[in-house]
Amino acid sequence: MKDCNQCGKCCIKYADGGLSATLEEIKMWELFQPHIYKYVRNGSIWNDPDTGKQLTHCPFLEKTPTQNNAPHQEKYTCSIYLDRPEDCRHYPTSISEMVRDECEMIEVIDLKDPKRAQIKLDALMSDSRPPNR
Ligand code: SF4
Ligand code: SF4
């Protein structure tokens, strides 16, 4: 199991209507982070502030310049990293999810022993998940 290499696949895949935010998160954004809250519509994220339509990409996903512009080396960052929804914080949750999403943290050795890989993943993600998870 490798560290996240910021390939951006998860953000690109799930921001198209596949993410949710808790009522508490939305309330906090409404009170303190209007630049985030403006992308919330009827409790769903992320929506066009003007039309209210579901966006096909996350407005907070930013591509970082690569040294030689090689497409396979593209890296992404989250401009609201410290305030991102729990849904984003908790990814990835399982080996099967990572395989399905082609998450680049996965290594060949993980595929050979998914149970062991899940233990490694859980340890790696322990700081990002709720204590009872
Ligand atoms: S809020 Fe941040 S972590 Fe979540 S999808 Fe957008 S860029 Fe990715
Ligand atoms: S798909 Fe995996 S490696 Fe790529 S950004 Fe998401 S967590 Fe990181």
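Preceding this section is the structure that the text describes.
Residues numbered from 1 in each chain as written. Chains lettered and ligands numbered in written order. Predicted model: local features only at pLDDT ≥ 70, side-chain atom pairs only at ≥ 80, totals over all residues.

**Side note on the overall build of the chain**
- The number of helices and strands found in the chain is 7 helices and 2 strands.
- Mapped in sequence order, the helices and strands of the chain form the string α-α-α-β-β-α-α-α-α.
- Overall size of the chain, expressed as C-alpha extent along the three principal axes, is 45 × 45 × 20 Å.
- Intrachain contacts of the chain at a sequence separation of at least 6 include 54% that bridge at least 24 residues. (Helix = DSSP H or I, 4+ residues; strand = E, 2+ residues; numbered from the N terminus. Contact = placed C-beta atoms within 7 Å.)

**Some words on the environment of Lys75**
- Residue placement: Lys75 occurs in strand S2 (residues 75-78).
- A residue is classified by how many C-beta atoms lie within 10 Å of it, and Lys75, with 13 of them, is partly exposed.
- C-alpha of Lys75 to C-alpha of Cys7: the two residues are 68 residues apart in sequence and 5.2 Å apart in space.
- Setting aside residues no more than four positions away along its own chain, Lys75 makes contact with Gln6, Thr64 and Thr66. (Buried ≥ 20, exposed ≤ 12 C-beta atoms within 10 Å, placed from the backbone.)

**Structural notes on unusual backbone geometry**
- Here the amide bond leading from Ile45 into Trp46 is cis, since omega sits at -15°, within 30 degrees of zero.
- Position of Trp46 among the secondary structure elements: in the loop between helix H3 (34-37) and strand S1 (61-64).
- For the bond from Tyr91 to Pro92, the omega torsion is -5°, close enough to zero to count as cis.
- Following the sequence through the fold, Pro92 ends up in the loop between helix H4 (86-89) and helix H5 (95-101).
- The backbone phi angle of Asn42 is positive, close to 50°, even though this residue is not glycine.
- Relative to the helices and strands, Asn42 resides in the loop between H3 and S1.
- One non-glycine residue with positive phi stands out, namely Glu102, at about 55°.
- For Glu102, a count of 11 C-beta atoms within 10 Å puts it in the exposed group.

**Some details on the site of ligand 2**
- If you check the shell around ligand 2, you find 13 residues, and the closest are Cys4, Cys7, Lys9, Cys10 and Cys103.
- Its residues assigned to classes, the shell around ligand 2 shows 7 nonpolar, 3 polar and 3 charged. (Near = placed C-beta within 6 Å. Nonpolar A, V, L, I, M, F, W, Y, C, P; charged D, E, K, R; others polar.)

**Focus: the environment of Asp48**
- Note on placement: Asp48 falls in the loop between H3 and S1.
- Residues Asp48 and Lys38, 10 residues apart in the sequence, show an inter-C-alpha distance of 8.2 Å.
- With sequence-adjacent residues up to four places away left out, Asp48 is seen in contact with Lys53 and Leu55.

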